[in-house]
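Chain by chain, the residues run as shown.
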Amino acid sequence: MSQHGCSAVVVSCMDYRIQSAVMRFASHNFEDGFDYLSMAGGPKRITDVITRSRVMDQLKLAKELHGVRKVLLIGHQDCGAYGGSEAFGELSSEVSRVVADMMTAKQLIKAAFRYEGVEVYLAFMTKNGRSWKSHVIKADVPLDDAVMGILEVDEEQDQY
Ligand SMILES: [Zn+2]
């Protein structure tokens, strides 16, 4: 039996624009470290019947090898796995779709494993000169108008 472990496993997208926020967020919340599953589309891969078992295998290992108790699903804005933001008419429809998929993924994980918790987050990013700034917000609660307002502003800044 392994003598090392950590409390969380993070499932997120490979998109380079969100990596700094995902790392900052997870490091801040889990000082003992975390397992990290990074793949195109992130949590969306769990809803896809073709890729689901690969992700589930990794989640099983995180639990068995490292005693992980919590899963963090982090979807994001403008994800290529959805065809980017332009595939949606409005930010609110994009957010609804990505969050709905993560809620489905959460149910699938809860049905398969006894994790203490499965939490759902969204990463957003803005372009700052040549680099990207990103941040993570909790998403398994209804996103109120104030939050959506901030995100709309971010999206406008994204144009520069
Ligand atoms: Zn993505």
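Just above, that's the structure.
Definitions and limits used
- Residues numbered from 1 in each chain as written.
- Predicted model: local features only at pLDDT ≥ 70, side-chain atom pairs only at ≥ 80, totals over all residues.
- Helix = DSSP H or I, 4+ residues; strand = E, 2+ residues; numbered from the N terminus.
- Buried ≥ 20, exposed ≤ 12 C-beta atoms within 10 Å, placed from the backbone.
- Contact = placed C-beta atoms within 7 Å.
- Pairing = 2+ DSSP bridges.
- Axes fitted to C-alpha atoms, helices over the stretch in contact; angles between N-to-C directions.
- Right-handed = clockwise from strand over helix to strand, strands pointing away.

### Considering the overall build of the protein chain
Within the protein chain, the regular secondary structure consists of 5 helices and 5 strands. Helices and strands appear in the protein chain in the N-to-C order β-α-β-α-α-β-α-β-β-α. Burial statistics for the protein chain: of 160 residues in total, 34% are counted as buried. Taking the contacts inside the protein chain whose residues are at least 6 apart along the sequence as the reference set, 72% of them involve residues at least 24 apart.

### Regarding the environment of Tyr115
Relative to the assigned elements, Tyr115 resides in the loop between helix 4 (91–112) and strand 4 (117–128). Sequence-distant contacts of Tyr115, defined by excluding residues within four places in its chain, comprise Arg69, Lys70, Val71 and Ile109.

### Quick notes on the sheet that holds strand 5 (residues 131–138)
Read across the sheet, 5 strands follow the order 2-1-3-4-5 without closing on themselves; strand pairing throughout is mixed. In this open sheet, the two edge strands, each paired with only one partner strand, are strand 2 (34–38) and strand 5. For this sheet, the mean inter-axis angle between neighbouring strands, taken without regard to orientation, is 25 degrees. Taken strand by strand, helix 3 (residues 52–66) contacts strand 1 (8–12), strand 2 and strand 3 (70–76), and its axis lies near 170 degrees from that of strand 2. In the packing of helix 4 onto the sheet, the strands contacted are strand 3 and strand 4, and the crossing angle to strand 4 comes to about 150 degrees.

### Some points on the pairing of strand 3
Within strand 3, 6 of the 7 residues are buried, which leaves it mostly tucked inside the rest of the structure. Where strand 1 meets strand 3, 5 bridges bridge the pair, whose relative direction is parallel. Bridge assignment links Val11 to a residue of strand 3, and that residue is Leu73. In this sheet, strand 4 lies alongside strand 3 in parallel orientation, the contact comprising 7 bridges. Within strand 4, the position partnered with Ile74 by the bridge is Tyr121. Between strand 3 and its parallel partner strand 4, the chain crosses via helix 4, and the hand of that crossover is right-handed.

### Here's the deal with the pairing of strand 4
Every other side chain in a regular strand lies on the same face of the sheet, so the side chains alternate between the two faces. Pairing analysis gives 8 bridges linking strand 4 to strand 5, with the strands arranged antiparallel. Across the sheet, Tyr121 pairs through a bridge with Lys138, a residue of strand 5. Hairpin geometry of strand 4 and strand 5 is characterised by an intervening segment of 2 residues between the two adjacent antiparallel strands and by a positive phi of about 65 degrees at Gly129.

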